[in-house]
Amino acid sequence: MEIVHVYTKKRNEFGRQCNFSDRPAELHVDILPDPSLASNFIERDPCDIPIQCTQEMSEHEVNTERFESDTRGINHVEGGWPKDVNPQEMEQTIRFRKKVEKDEHYFSTIMQLGSNMEHCIKQNNAINIYQEYFEEEEVVEESEEQPSAKTINVFRDPNEIKRTATCLSWHPDGSCKLAVAYSSLGFQNISPDMSYDSYIWDIENPNKPEMTLKPVSLLVCLEYNPKDSHILVGGSYNGQIAYWDTRKGSQPVEMSTIEHSHRDPVYKVIWLQSKTGTDTFSASTDGQVLWWDIRKMSEPTERLVLDPNKKGNLDNALGAISLELDYHFVPTKFMVGTEQGLVVSCNRKAKTPAEKIVCTYSGHHGPIYALQRNPFFPKNFLTVADWTARIWSEDIKESSIMWTKYHMAYLSDGCWSPVRPSVFFTVKMDGTLDVWDFLFKQNDPTLSLKVCDEALYSLRVQDNGRFLACGSQLGTATLLEISPGLCTLQRNEKALATAMFERETKREKILEARHREMRLKERSRSEQSKDEDTKEGDGEESVEELATRTEAEFYEIVEAELKKRAKEQEKKVRRD
Amino acid sequence: MAEVEETLKRIQGQKGVQGIIIVNAEGIPIKTTLDNSSTVQYAGLIHQLVMKARTTVRDIDPQNDLTFLRVRSKKNEIMIAPDKDYFLIVIQNPSD
C-alpha cells in the first residue's frame, strides 16, 4: 500500500500575495551641511598615520597552458662504455674488462658482496621463505566459545504503578526501536491511577521513551507493520483494535467500534501480507478470530469462531491466546493456540465456516502462550504452554515430536531464532531466559540466564538473531545480546536439523500407527464379544416361554419355603 | 684475483644458481656467466631498478641505505647485492 501522508496548510494561512509595481525615484531625505555644528568639533593636530615604503607588488594568477609530463624508462641497450672504448669491438671490451678486474677496489668489493650473496643463496636453498602454509584449510575457524548472553540495556516503566510488559515488537528496518505494550493481565487488577500508555523506546536511550502511545484501554499486544515502519497496530484489554501512525502523534489514528470488537482482551494481533499492506487479524479469548482492514475499522472484514464442533457456536468456542501466520510458507493457513491447550490449524480460504478449521493438535495442559513455526522448517512449529515447550510436526496430530522436560516454573513465552534452525528461546515465570539448541543438548537448555527476579512475560528476538528483548512483570524490558556462536549458522546445521525432525516425526508416526492398531484390535475384540452375546440371546426363549419358566420356578421356591417352615414347626412342637 | 674467481665459482656451484653478472656503476657488465644479450638486458634493467630502490630507501630515511635487493618472480629469484661502484647479480631458481 502506498501510505501517503498529506501535509496540508490552508490558503489563508499563506499570507498576503506580493504585488510588485514600478515607481519613479522619490527623494525621502535631504540633509544640507550645517556649519554651526562644526563648533562641536576640534581639529586634530598632530595626526598619527602609519605608512610603508616598500616596493609595490601585485599578485596575479594565470592559468598556463597544460604542460604534459610523462615518465618513461629507457631501455639501456648497451652503453656506459667510456669514450675510448668501442662497444662493438670485442677486443676493446675484453681489454677494458680485464683492466677492471685488476682493480684492487673491484677485488674487495666483490669479496664482500660475494659473501653476502652466498648467505642469501644458502638461505633460499635451505627453506622456501615464501611457502604458503595452510593454503587448503578454511579461513573460518569454529570458535569453541561458551555460549553467553549479555544484558545491554534495561528499559523501565516510567510510571509509578508498574504494569507488566506483555508484548514487544521490533522496528522492522534496522531494529533500532522497540515498541513495548504494557498492561495488567490479572483479573480486575487495574487501579484507577494506572496509566494506559505504551511506549516506543530507542535502544540507545533507556532513560526516556522515544514516543508514547496513548490508547483508550491498556494495550495487551502491539505490532509494527513490516511494510511501513510508521504504522503500529495494537490490541487492547477491552477488546478493541487501534492503529497508530508515529508521524501523526500519540493518539490512535482509528479504533475499531466496540460493538464489533472482541469481548475479551485481544491477546495477539498479526499483520497480513497483502497488496495494500493494511490487513491484520486478531485473536482473543472470547473465541473469535477477526480480520480487519485498518482503513476501515468500523467493522471486521471477516470473522471466525473457534468452535471445535465446527458449528460457529460462540458458547462452545475455545479462547484464543496466540496466533501464528507464516506468510512465506502458505499465507492462507494459520494456527491458533487456545486457552484450553489445543492448537487449531485453520485455512482462511475455505468455502464454508465449517471447513475453516482444519485440524487440532492436543497435548498441552494449559493455555498456549506462544506458537511459532520454525522459519527454516515450516512444517514444524513450537508451542510454549504450561511447564513445557513442545515441537510439533504438522502431520502428527496426536502428540508433539519433541518436548522439554517439565520445569519448576511456568513457561510464559518462546520463539525460534531467525538465523539458526535448531535454536529457540523460552522465558519462565521465575525470571529466567533459556536458550535451547537441540542439536547440542536435548535435556537441558544450552544457556539459562536469570534476567530478573520477577516473572518474565514476553520475549522477542530481533531479525538478525543477535539481540533479544524480554519483558517482565514490573514493566522492565531487558535487551540482551547473545554470543555469536548462538546466532551464526553452523556447518551442516540445516542438514542435521532436517534429519532430527524427520527422525522424530517418523518415530511419532510409528507410535501413532501402533496406537491405531491397538485401538482397532480392542474395538474388534469388543465387537466380537458383543457378537457372542447376541448369539446366546437367540437361543433364549420367547417372552411366553420365559413367563412359564419363571412361574414354575416361583412355585418351586414357594413350596420349598413352605416345606422348610413345616419342618421347623414340627421341631418346635417336638421340643415342646 | 684468484680468490675472486674462487668466490664466483663457489656461488655458481650452489644449488639452483642459473647465472651471475657483475656490473659496474656505469652499467657495463664486467663478468658474466650468461650469454651476451641476456647479460646486457639484465645489466641495463637492473641498474635502473637498483637506482630507484636506493633513492626510495634514502628518501624515506636519509640515514638509511640499500643493502640487498631480492626480486622474486614465478620462475626464479634475482638477487642483487649493490655497492657504490659495482653490483653483483645472481639469478637463482629457488628450491621447490
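Residues numbered from 1 in each chain as written. Chains lettered and ligands numbered in written order. Predicted model: local features only at pLDDT ≥ 70, side-chain atom pairs only at ≥ 80, totals over all residues. Heavy atoms only, no water.

A. Just the overall build of chain B, in detail. Summing up its helical and strand segments, chain B has two helices and five strands in all. Here chain B holds 96 residues, and 46% of them are scored as buried. For chain B, the share of sequence-separated contacts (at least 6 apart) that also reach a separation of at least 24 residues comes to 36%. Carbon and sulfur atoms provide 52% of the accessible area of chain B, an area that totals close to 5100 Å². (Helix = DSSP H or I, 4+ residues; strand = E, 2+ residues; numbered from the N terminus. Buried < 20%, exposed > 50% of the residue type's maximum accessible area, 1.4 Å probe, protein only. Contact = heavy atoms within 4.5 Å. Areas by Shrake-Rupley, 256 points an atom, 1.4 Å probe, with all protein chains shown as cover.)

B. Looking closely at the pattern of salt bridges. Residues and elements named next belong to chain A. Applying the stated rule across the entire model yields 28 salt bridges over all chains. Residues E553 and R549 are paired through a salt bridge, measuring 3.7 Å at the closest nitrogen-oxygen approach. Taken together, the residues E553 and R549, both in helix 5 (residues 543-575) and four residues apart, mark about one turn of the helix. Using a relative accessible area of 40% as the deciding quantity, one classes E553 as partly exposed. (Salt bridge = Lys/Arg side-chain N within 4 Å of Asp/Glu carboxyl O.)

C. Summary view of the sheet that holds strand 1 (residues 17-24) of chain B. Residue and element names in this part refer to chain B. Strand order in the open sheet formed by five strands is 2-1-5-4-3, with antiparallel pairing between adjacent strands. Looking at strand neighbours, the two that pair on one side only are strand 2 (29-32) and strand 3 (69-72), the edges of this open sheet. Each adjacent strand pair in this sheet contributes to an overall mean axis angle of 15°, direction not counted. Summarising the sheet, strand 1 and strand 2 pair through three bridges and their orientation is antiparallel. (Pairing = 2+ DSSP bridges. Axes fitted to C-alpha atoms, helices over the stretch in contact; angles between N-to-C directions.)

D. Structural context of the interface of chain A and chain B. The interface of chain A with chain B comprises 35 residues on the first partner and 38 residues on the second. Of the roughly 3400 Å² buried at the junction of chain A and chain B (both faces included), carbon and sulfur atoms supply 58%. It is A:M117, A:N124 and A:N125 in chain A that bury the most area against chain B; as a group they hold 17% of the surface buried on that side. Where chain A meets chain B, there are one salt bridge. At the surface where chain A touches chain B, the tally comes to eight residue pairs in polar contact (both at pLDDT 80 or more). The dominant element in the side of chain A that touches chain B, judged by the number of residues it contributes, is helix 2 (residues 104-126) of chain A, at 18 residues. For the side of chain A that touches chain B, the per-class residue count stands at 15 nonpolar, 14 polar and six charged. (Buried area = accessible area lost by both parts, 1.4 Å probe. Polar contact = N/O pair within 3.5 Å; in protein donor to acceptor, adjacent residues only side chain to side chain. Nonpolar A, V, L, I, M, F, W, Y, C, P; charged D, E, K, R; others polar.)

E. Region of interest: the sheet that holds strand 20 (residues 388-393) of chain A. Residue and element names in this part refer to chain A. Taken in spatial order, the four strands line up as 18-19-20-21 in an open sheet, and their pairing is antiparallel. The sheet is open, and its two borders are formed by strand 18 (368-373) and strand 21 (402-403), each paired with just one other strand. Bridge count for strand 20 against strand 21 is two bridges, and the pairing is antiparallel. Counterpart to R390 in the pairing with strand 21 is W403.

F. Just the packing of aromatic side chains, in detail. All names here are of chain A. Within this structure, the stated rule accounts for 18 aromatic pairs over all chains. Between F377 and F501, the ring centres sit 5.3 Å apart and the planes meet at 70°, which makes this aromatic pair edge-to-face. Within this pair, whereas F377 is found in the loop between strand 18 and strand 19 (380-385), its partner F501 is found in helix 4 (residues 493-539), the two being separated by 124 residues in sequence. The same class applies to F377 and to F501, which are both buried. Taken together, the ring pairs connect F377, W416, F424, W436, F438 and F501 into an aromatic cluster. (Phe/Tyr/Trp six-rings, centres within 6.5 Å; stacked < 30°, edge-to-face > 60°.)

G. Summary view of unusual backbone geometry. Residues and elements named next belong to chain A. Residue P46 is reached from D45 by a cis peptide bond, and omega for that bond is 0°. You can see P46 is positioned in the segment before helix 1 (90-102). One non-glycine residue with positive phi stands out, namely D386, at about 30°. Mapped onto the elements of the fold, D386 is located in the loop between strand 19 and strand 20.

H. Representation of the pairing of strand 14 (residues 320-325) of chain A in the model. Residue and element names in this part refer to chain A. The buried count for strand 14 comes to six of six residues, which makes it a mostly enclosed element. With five bridges joining them, strand 14 and strand 15 (residues 333-338) adopt antiparallel strand pairing. Among the inter-strand pairings, L325 is bridged to a residue of strand 15, identified as F334.

I. Summary view of the confidence of the model for chain A. Here chain A averages 82 in pLDDT, while 90% of its residues score no lower than 70. Summarising per-element confidence for chain A, the mean pLDDT is lowest in helix 3 (residues 353-356) of chain A (67) and highest in strand 23 (residues 423-428) of chain A (89). (pLDDT = per-residue confidence, 0-100.)

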